[in-house]
Amino acid sequence: MKQNIIVLLCFAICYLSCKDQSKTSNSVIENRGVISKSAMVVSARGEASKIGVEILKQGGNAFDAMMATEMALAVCYPYAGNLGGGGFLVYRMADGTKGALDYREKSPLASSKNMYLDEDGNVIKNLSTIGSMAVGVPGTIAGIFEAQKRFGKLDVASILKPVIELAQNGYKITEKQERRIASYDSLITAVNEKEILYNKKLKAGQTLINTALAKTLQRIADNGRDEFYTGETAKQLIDYLQSKGSIITLEDLAKYEAKWRDPISFQYDDLTITSMSPPSSGGICLNQIMTMVEPFDLEDYGHNSLRTIQVLVEAEKRAYADRSFYLGDPDFVDIPIETLTSDMYLQERMKEFSFQAPTPVDSISHGKIIAYESNETTHYSIVDQFGNAIAVTTTLNGGYGSKLYVEELGFFLNNEMDDFSSKPGEPNYYGLIGAEANSIAPEKRMLSSMTPTIVEKDGEFYMSVGTPGGSTIITSVLQTILNVHEFKMTMQEAVNAHRFHNQWLPDEIRMEPNSFDKSLVKQLQNLGYNINEERSPIIGIVDGILMQEDGTLEGGADKRGDDTAVGF
């Protein structure tokens, strides 16, 4: 009898132990993103990620998948996915070679420094944000073709085939899309002077078909890059723009070229961070912030602790102040990159930092010009089965860009001209700072915060990461990298973690609402920090891929959007 009881006890202990182990195992799995052995695509929509993976399975590489994913986002995520915008690519080849491609929009030839000012020198409301005068010369098609031409393996027709089918057959509207389209409906209708394909009647679960965009994509598949810049599509686009009062011409389109750039690369502990160079401010600011915070023991302070937040906020203030004064299009202005990113300079910048009180913003002030950068961008990360990795951020600037929709062609146009500094000394509605370096000039590229980033660890690929979010892009990428490296999170945990942001001016820490402990918020306020939990209900929608210790890939798709990781 006694022996039977012992056996039963042993069985019960074994059962409970196994049950606990199973629970622990499931918990770990739940906190990780999608795991794949060979390749991964993470983007704002499941349809786009699946098409990217489909191209990889056909033998294409990351650059083929880039073209497919970006164009699929133009179909099913018109809020930011685009033909009428631009973006940045950072890549790492399997052999360790790294580089960057700038396909940012440009100002038209007929643009001028004071084009958004009235005769009294005051900014004309909405001229740089809504309608035809807000549109910069698009770079997206040039960018995806340039990258695919240099590195891709498949033919363009094969790559675009599933994208065209997506436009022809349609995709399901999500609940988030329904709400987003409804919120912009009145403005879009007013700008276009009629109801367009994307309107408040669309409901979640409905299938949306864009036949006009399918036809545009088919012409591009048949005729290549030049279809968009000198072909029939170009002529239709310019006819439309000029009928709306735009200053963009066929010459502007014909002259547009994407540009290969040297990326910004720097060390942080045993990591090598490679990010986008100007005209994006992302790489330089990320470099500055991470160099300034490296001497502090963030891991010991703890994730989103009082001291961690203080250190990051104070470093962010200094980097954004520098951004405002020094950064712009490197083809037009000299940027002292070596000085701005040097250890000596950055140590000096943090010399006045104290845990006792905030550094007053006017003591680190530089620029005197306010410029706006919207939050409505999109990012995708791809790692292919050959070991190549890319990080790509692309945008129309505002949600649905200028709100102008080219019905014949099936896509929205950007409002990137508002990313320039319109007038010295006068704030506009939103709040990023810019100076003379980012003033308007013909064929100039406007400053951006987009921060597509590749991370290596001990010389091997480790992470691809990026996000939309306008001025919050840099700090969202920063926190995601630190979440993995300093706080030992999985990619999914790092992507989902609550975020905060500081950009020097306005003098406030933005925090995602109802995300941080009230006592922590109170401690920050007692030290003298201004807290804003209303301005940015969402800070970033990060998509990332992490190489795990066993060589598998973890795709982290941000829960804040409809973002989806797909791998094989």
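Looking at an unreviewed UniProt entry, one finds the protein chain named Glutathione hydrolase proenzyme and attributed to Winogradskyella flava. Here is the UniProt Subunit (unreviewed entry) comment for the protein chain, exactly as written: "This enzyme consists of two polypeptide chains, which are synthesized in precursor form from a single polypeptide." The heading Pathway (unreviewed entry) in the UniProt record of the protein chain holds the text "Sulfur metabolism; glutathione metabolism."

A. Quick peek at the packing of helix 11 (residues 282-293) against helix 16 (residues 473-485). Running from amino to carboxyl end, helix 11 crosses helix 16 at an angle of 50 degrees, the nearest separation of the two axes being 10 Å. Classified by the interaxial angle, the pair formed by helix 11 and helix 16 is oblique. Crossing hand, helix 11 versus helix 16: right-handed. Listed contacts from helix 16 to G282, C285, L286, I289 and M290 of helix 11 are I474, V477, L478, I481 and L482.

B. Structural detail: the pairing of strand 22 (residues 553-557). Of all five residues making up strand 22, five are buried, and the element is well covered by its neighbours. Residues of strand 22 alternate between two faces, with L553, G555 and A557 on one and E554 and G556 on the opposite face, all of them buried. Connecting strand 21 (residues 543-547) to the antiparallel partner strand 22 that follows it, the hairpin turn spans five residues, and G551 within it adopts a positive phi of roughly 90 degrees.

C. Main features of the environment of E456. Checked against the element boundaries, E456 lands in strand 16 (residues 453-457). As for E456 and R92, which are separated by 364 residues in sequence, their C-alpha atoms are 9.3 Å apart. Not counting residues within four places of it along the chain, the set of residues in contact with E456 comprises R92, K98, D270, L271, T272, T274, F461 and Y462. Among the polar contacts made by the side chain of E456, one reaches the side chain of R92 at a distance of 2.6 Å.

D. Spotlight on the environment of G459. Mapping G459 onto the fold places it in the loop between strand 16 and strand 17 (460-466). Taking C-alpha positions, G459 is 12 Å from K98, a pair spaced 361 residues apart along the chain.

E. Here's a closer look at the sheet that holds strand 4 (residues 98-103). Taken together, seven strands build an open sheet; the order of strands is 7-4-3-12-11-2-23 and the sheet is antiparallel. Whereas interior strands pair on both sides, the edge strands pair on one side only; in this sheet they are strand 7 (259-261) and strand 23 (564-567). On average, adjacent strands in this sheet sit at an angle of 15 degrees to one another, irrespective of strand direction. With seven bridges joining them, strand 11 (residues 377-383) and strand 12 (residues 389-395) adopt antiparallel strand pairing. Within the sheet, the bridge partner assigned to S381 lies in strand 12 and is A391.

F. Examining the UniProt feature "binding site: L-glutamate" (unreviewed entry) in the protein chain more closely. Per the UniProt entry, the sites bearing "binding site: L-glutamate" (unreviewed entry) are R104, T395, L396, N397, D419, S448, S449 and G470 in this numbering. Taking the farthest pair of C-alpha atoms as the criterion, the annotated set spanning 367 residues converges on one region, since that pair is 14.4 Å apart. Positionally, D419 belongs in the loop between strand 14 (411-412) and strand 15 (432-434). Here S449 is to be found in the loop between strand 15 and strand 16.

G. Spatial organisation of the pattern of salt bridges. Enumeration over the complete set of coordinates arrives at 30 salt bridges. Between E227 and R219 there is a salt bridge, with the nearest N and O atoms lying 3.3 Å from each other. As far as the burial class goes, E227 and R219 line up, both buried. What you see here is one network of salt bridges that share partners, running through D102, K259, R261, D329, D331 and R445.

Conventions used here
- Residues numbered from 1 in each chain as written.
- Predicted model: local features only at pLDDT ≥ 70, side-chain atom pairs only at ≥ 80, totals over all residues.
- Heavy atoms only, no water.
- UniProt positions renumbered as here; feature names shortened; annotations may be inferred.
- Axes fitted to C-alpha atoms, helices over the stretch in contact; angles between N-to-C directions.
- Helix = DSSP H or I, 4+ residues; strand = E, 2+ residues; numbered from the N terminus.
- Parallel < 35°, antiparallel > 145°, perpendicular 65-115°, else oblique.
- Left-handed = near helix turned anticlockwise from the far one by under 90°.
- Contact = heavy atoms within 4.5 Å.
- Buried < 20%, exposed > 50% of the residue type's maximum accessible area, 1.4 Å probe, protein only.
- Pairing = 2+ DSSP bridges.
- Polar contact = N/O pair within 3.5 Å; in protein donor to acceptor, adjacent residues only side chain to side chain.
- Salt bridge = Lys/Arg side-chain N within 4 Å of Asp/Glu carboxyl O.

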